[in-house]
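Examination of the molecular architecture
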Amino acid sequence: MIAFLRNTWRGLTSMRTALTLLFLLALAAMPGALLPQLSLNAAKVDEYVAEHGWWGELLLKLGFFEVYATPWFAAIYLLLFTSLVGCLLPRTWEYFKQMRARPVLVPRNLSRMPHHAQAELDVTPDEAVERARKVLRGWRTDTGDGTVSAERGYLRETGNLVFHFALLGLLVSFALGKMYSYEGQVIVQAGGGQFCNGGIFNYDSFRPGLRVDGTELTPFCVEIGEFSADYLDNGQPVGYRAAIRYQSGEDIATNTWRPYDLQVNHPLRTGGDRVYLLGHGYTPTFTVTFPNGEKRTQGIQWLPSDQLTLASEGATKFDPPGITDSETRRKNQIAVTGLLAPTPLLHGTILSSKFPALNDPMVAVDVYRGDLGVDDGRGQSIFSIDKKMVDQGRLQKVARQNLALGEEITLDDGTRVRFDSVNDWVSLQVSHDPTQGYVLAFAVLIILGLGVSLSVKRRRVWVRATPRDDGRTLVEVGGLARTDQAGYGEEFTRLARAVLNEERS
Amino acid sequence: MPVNETFATYSDWLYRSALGVYLFAILLYAVEQAFSRAPGKKELVGAGAPNVLVDEPKQAPTRSERFGRMGAALTVLGAVLHLGSLVMRGVSAGRAPWGNMYEYMSLLCLAAVVTWIALMVKFPIRRLGVFVLPPILVLLFLGGTVLYAESAPVQPALRSYWLVIHVSVISISSGVLLLPGVTSILYLLKDRNAERFPKLPSADVLDRMSYRTTVLAFPLFTAGIICGAIWAEAAWGRFWGWDPKETVAFVTWVIYAAYLHARATAGWRGRNAAWINVAGFAVNVFNLFFINLVTSGLHSYAGL
């Protein structure tokens, strides 16, 4: 039993296994780049599965659409991880032993070394050894009887170990980060809209880590001031920015707001969370004047349907005021749907947008009246009306018209719908990852370790001085690079010349 | 932000001239390769050869060697023109000249050519230019035709000094990594049948070249990925998200890590290691084309 365990452990920690596991890791990661992934685009995954029949179903069951969360991917990296630990522990032990060990004894036959030089000098063996020691300053040396052993480049192994331990550290921090991080998106109206990180319900979408239940989010609030965007003449955006105010930590108690200029590539970092400006769009505001003279004004974000011109589609929904009977109220709800063109382009009466910035914006709207279906308990999109209600005839189209700012439609029952104004909205992402600082630190160590271990060479030099009968001394120098031989030749030549005092054999 | 059309035009001219010059260089390398005799043992001196205290006597260059030297000189000239084209691009667009696929490819190939020049200085392998330059030329040609994009400013997410750092480091290291791919293929040929390819340098020299270049590029590539992660944290809200480009960069990294390990493992040295390097080359090129042009991800704007 023990033998079995020992053999398994040896097998697992052997370089051969590690190499195989590295390949498996590379191979297993590949589908994540080739197939759509749930974490990136769930809609695309559904589409792929629908298109590929049983094959898609099979891939779905085997987790190919969430590669990095599957047991088989985890199995590979955990095995690799174990193999790495098993390899590192004995090496660390060996490393500390070597750091205290003396350079190895001089081999009997130095001329067999890959690098070798010799000369007869007019000095005593002791003088020759002394000179060699001087030349080899900075090397770890050990002097014997007429011999010097020297070794250098211990940093190589240091760098190597630093690299591998940093890799372990990075993986552990990454895994912990996945446990305790969260990420949420929310749309906020520019020009005064606020968002407070009080709970999951404040978000439009929220993705928690495994150990996040949403009760202990970092408290902070942001208020979006003016939003501005610059565009090239062809409509390509050059930059977005939102002037915001925020408060976090003690500022919340004292109600102190601090200003920040939020831009793409310049997130707000506060209280351990980051707030990103992801995108923007437009919110048209409509005022409905009901037959009884009461007015309701609503502005809700519409969704850009064309990213280049920011032509946007949406649905602004109204409840008739002052009606307590829910049955009657449901029959008289109003929805303004259609297309918003920031810079209108008209082909006859067909409206489209030709530029993403606001220049006399227009809307092409369909006004619906009837039961919107918002009260039946099912959630519905804020960007569209429930088509089923239209199909069932419970919601009817009562007008279709293009409106410029300030223009209005009068419906058959005297209700008037006016297009008041257009404002900006911004979409924000809030991210929290408590371990990313550690990940960065380990990443830096990885580069340092890698650079050192691949640039430093572990190499040895031996010198032997043998007295000759004629009073002269034969000095031999041998050299060996323990890892990569390349490039050691020049250094050895220099050292050998210095030790042999330029006299060639 | 206006684009300076004059500089943009100069840049395109220089790009085309560089391509032409590289083509000539290849022809000259080919002449040297074709008309030189298979080298004797003497020319195979690599760094692992017995210690050299005595310099080898210089011989007058043969006629085919003269062609080779002209090829090398033209390569240098091409690289200078190539560099000029990139600089002009940068001046005309008023930003670092690696903001789209065309420019990225151009920088990558320049890195490969410069590495090749450095290798020619370090190893006696000039004639290999006939194998090394053509793939680079093909990439440059594709870059200048299929992927060509007019000089223009970049979108907001790319407006960061990380564009300068991350993209340049990644593209340079990817370019350098093209070379060990080619030399590893040559190694595999030579190692399979040394007599059939007498004009190739010894397998030992080819292996050494592959290793030295990989060892140079690998830490650079690692740094490039890490810079990318730092930028992604600021631009996309997370430092790592398994975006297709990130994934394939990870796979590439793992493969080259495997290469370095294989080369230090008994039984994996030599052929196996060379195959791994070729695999790395394949994934590198795959990353360059497939991921940018076929799949859609956050890195897609580096496209056309």
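Just so it is clear, the structure is predicted and the values come from calculations on it, not from any experiment. (Residues numbered from 1 in each chain as written. Chains lettered and ligands numbered in written order. Predicted model: local features only at pLDDT ≥ 70, side-chain atom pairs only at ≥ 80, totals over all residues.)

1. So, the domain arrangement of chain A
One can read the domain layout of chain A as domain 1 (2–86), domain 2 (106–152 + 457–499) and domain 3 (282–425). Here the C-alpha centre of domain 3 of chain A lies 49 Å away from the C-alpha centre of domain 1 of chain A. (Domains from an automatic or database assignment.)

2. Side note on the sheet that holds strand β14 (residues 312–318) of chain A
Sheet strands associate in pairs through backbone hydrogen bonding, adopting either a parallel or an antiparallel arrangement. All names here are of chain A. With respect to topology, five strands assemble into an open sheet ordered β13-β14-β15-β18-β19, the strand pairing being antiparallel. With partners counted over all chains shown, the strands left at the sheet margins are β13 (303–304) and β19 (395–404), one partner each. Here β13 runs beside β14; their pairing, made up of two bridges, is antiparallel. Along β14, the bridge assignment pairs P304 with S312. (Pairing = 2+ DSSP bridges. Helix = DSSP H or I, 4+ residues; strand = E, 2+ residues; numbered from the N terminus.)

3. Brief notes about the UniProt feature "transmembrane region" (unreviewed entry) in chain B
Those residues carrying the UniProt feature "transmembrane region" (unreviewed entry) are residues 13–31, 72–92, 104–121, 128–149, 161–189, 210–232, 244–262 and 274–294 of chain B in this numbering. End C-alpha to end C-alpha, residues 244–262 of chain B measures 27 Å, and it is 100% helix and 0% strand. (UniProt positions renumbered as here; feature names shortened; annotations may be inferred.)

4. Section: the interface of chain B and chain A
The partner chain A presents 46 residues to the 42 residues of chain B that form the contact. For the side of chain B that touches chain A, the class distribution of residues is 27 nonpolar, 10 polar and five charged. (Contact = placed C-beta atoms within 7 Å. Nonpolar A, V, L, I, M, F, W, Y, C, P; charged D, E, K, R; others polar.)

5. Let's talk about the nonpolar core
The biggest cluster of nonpolar side chains holds 135 residues, and the ones touching the most others in it are L22(A), V426(A), L428(A), C109(B), A112(B), I255(B) and A258(B). Leave out the neighbours within four places in its chain, and C109(B) touches I136(B), L139(B), L140(B) and G175(B). Judged by nonpolar contacts, the second largest core, of 30 residues, contains V288(A), A311(A), V336(A) and I409(A). (Core = buried A, V, L, I, M, F, W, Y, C linked by C-beta atoms within 7 Å. Buried ≥ 20, exposed ≤ 12 C-beta atoms within 10 Å, placed from the backbone.)

6. Topic: the pairing of strand β18 (residues 362–370) of chain A
All names here are of chain A. In terms of burial, β18 is largely enclosed, as eight of its nine residues are buried. In the sheet, strand β15 (residues 333–341) pairs with β18 via nine bridges, with the strands oriented antiparallel. Each bridged residue has a counterpart across the sheet, and for I334 the counterpart in β18 is R369. Inspection of the sheet shows β18 paired to β19 by nine bridges, in the antiparallel sense. Each residue of the ladder has a partner; that of M362, found in β19, is A404.

7. Describing the domain arrangement of chain B
All names here are of chain B. Domain annotation of chain B identifies domain 1 (1–41 + 66–153) and domain 2 (155–304). The straight-line distance from the C-alpha centre of domain 1 to that of domain 2 is 19 Å. Every contact between the two is made by 28 residues of domain 1 and, on the other side, 24 residues of domain 2. Going through the elements one at a time, α3 (101–122) and α4 (129–145) are the ones with two or more residues in the side of domain 1 that touches domain 2. By residue number, the principal contributor to the side of domain 1 that touches domain 2 is α3, which donates 11 residues.

8. Quick notes on the UniProt feature "transmembrane region" (unreviewed entry) in chain A
Residues and elements named next belong to chain A. The UniProt feature table records "transmembrane region" (unreviewed entry) at residues 65–89, 161–180 and 437–456. Spanning residues 65–89, this segment combines 76% helix with 0% strand, and its end C-alpha atoms are found 36 Å apart. For residues 161–180, the helix share is 100%, the strand share is 0%, and the end-to-end C-alpha distance is 29 Å.

9. Remarks on helix α1 (residues 2–13) of chain A
Its 12 residues give α1(A) an end-to-end C-alpha distance of 16 Å, which sits within 8% of 16 Å, the value for a rise of 1.5 Å per residue. Of all the 12 residues making up α1(A), zero are buried; the element is thus mostly uncovered. (Expected span 1.5 Å × (residues − 1).)

10. A look at the packing of helix α6 (residues 203–235) of chain B against helix α7 (residues 244–263) of chain B
To characterise two packed helices, one gives the angle between the axes of the helices and the distance between these axes. Residue and element names in this part refer to chain B. Packing of α6 against α7 leaves a shortest axis separation of 11 Å and a crossing angle of 145 degrees. The two elements α6 and α7 meet at a crossing, and its hand is left-handed. Only A249, W253, Y256, Y259, L260 and R263 of α7 make contact with α6, whose side of the interface consists of Y211, T214, F218, F221, T222 and I225. For the contact of α6 with α7, a count of residues per class yields nine nonpolar, two polar and one charged. (Axes fitted to C-alpha atoms, helices over the stretch in contact; angles between N-to-C directions. Left-handed = near helix turned anticlockwise from the far one by under 90°.)

11. Considerations on the sheet that holds strand β8 (residues 237–248) of chain A
Residue and element names in this part refer to chain A. Taken together, the four strands give an open sheet; going across it, the order is β5-β7-β8-β9, and neighbouring strands pair in antiparallel fashion. The sheet is open, and its two edges are formed by β5 (194–196) and β9 (258–263), each paired on a single side. Between one strand axis and the next, the sheet turns by 30 degrees as a mean value, whatever way the strands run. Summarising the sheet, β8 and β9 pair through six bridges and their orientation is antiparallel. Considered in β9, the bridge of I244 is made with Y260.

12. What to know about the environment of L189(B)
Residues and elements named next belong to chain B. In this structure, L189 sits in helix α5 (residues 161–192). The class of L189 is partly exposed, set by 16 C-beta atoms lying within 10 Å. Expressed as a C-alpha distance, the spacing of L189 and S296, which sit 107 residues apart in the sequence, is 37 Å. Contacts of L189, omitting those with residues within four sequence positions, involve F197 and L200.

13. Quick notes on the pairing of strand β7 (residues 220–231) of chain A
Residues and elements named next belong to chain A. Of the strand pairs in this sheet, β5 and β7 are connected by three bridges, and their pairing is antiparallel. Across the sheet, residue F195 finds its bridge partner in β7, namely V222. Pairing analysis gives 10 bridges linking β7 to β8, with the strands arranged antiparallel. The partner of E223 across the bridge, within β8, is R245. Hairpin connection between β7 and β8: a loop of five residues separates the two successive antiparallel strands, and G235 in this loop has a positive phi of roughly 95 degrees.

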